[in-house]
Amino acid sequence: MRKLLLAAALIVGGFAAQAQDVKVDQAVKVNTEKFDFGKIKQGVPVNTAFEIKNVSDRPLVIESATGSCGCTTPTVPKEPIAPGATAKLPVNYNAAAMGAFTKTVTVKFAGINEPKVLTITGETVEAAAWDAAHGTKPAAAPAATGEVKTKTKTSTTKTKVKSGK
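Residues numbered from 1 in each chain as written. Predicted model: local features only at pLDDT ≥ 70, side-chain atom pairs only at ≥ 80, totals over all residues. Heavy atoms only, no water.

It is worth spelling out the nonpolar core at this point. One finds V28, I52, Y93, V107 and F109 to be the most contacted residues of the largest nonpolar core, which totals 26 residues. Not counting residues within four places of it along the chain, the set of residues in contact with I52 comprises V28, K29, V30, L60, I62, I81, A85, T86, A87, L89 and F109. (Core = buried A, V, L, I, M, F, W, Y, C linked by side-chain atoms within 4.5 Å. Buried < 20%, exposed > 50% of the residue type's maximum accessible area, 1.4 Å probe, protein only. Contact = heavy atoms within 4.5 Å.)

Here you go:
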């Protein structure tokens, strides 16, 4: 009798283990697994959204989405994704550090052991270089020497500014 109960438990346990062994690509399709921002201006955050489609026959729940560093912030949708439906996973990059970057977002789905890893890439360039390349002018700073005019509703005031040289 004990052998029969043990065999039944092993069979049921085997089926339960197989149910948890769903591969992420059997349930999820993503519009792109890698997004390239190209050259972006330092200090100006950028964002994109990955489209996640549920190709399974059960609702799909995103348990978590984690950026590879604090500069990459995904926003997890709160609602389950119905079978055949698509949801957006917004990802923000803060563009503070200069140079080329490759960051990942690891997405964990309920009932699927394997996560989906998405990637963002690009190059953060100095603001002045970005402005020059895109034909935009940064806001003009006041002159270090000479006169600076300050307007108010009632008058205009001239102030002499001395150079620190």
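Still more to cover.
We now examine the pattern of salt bridges. A complete count under the given rule lists six salt bridges for this structure. Where K39 meets E123, a salt bridge forms, and the shortest distance between an N and an O atom there is 3.8 Å. Residue K39 is found in strand 2 (residues 34-41), and its partner E123 is found in strand 8 (residues 116-125); the two are separated by 84 residues along the sequence. In this structure, the salt-bridge partner of E63 is K108, at a minimum N-O distance of 4.0 Å. Of this pair, E63 sits in strand 4 (residues 62-67) while K108 sits in strand 7 (residues 99-109), placing them 45 residues apart in sequence. Judged by its relative accessible area of 48%, E63 is partly exposed. K108 sits in the partly exposed class, given a relative accessible area of 23%. Through salt bridges with shared partners, a single network forms among D25, E33 and K116. (Salt bridge = Lys/Arg side-chain N within 4 Å of Asp/Glu carboxyl O. Helix = DSSP H or I, 4+ residues; strand = E, 2+ residues; numbered from the N terminus.)

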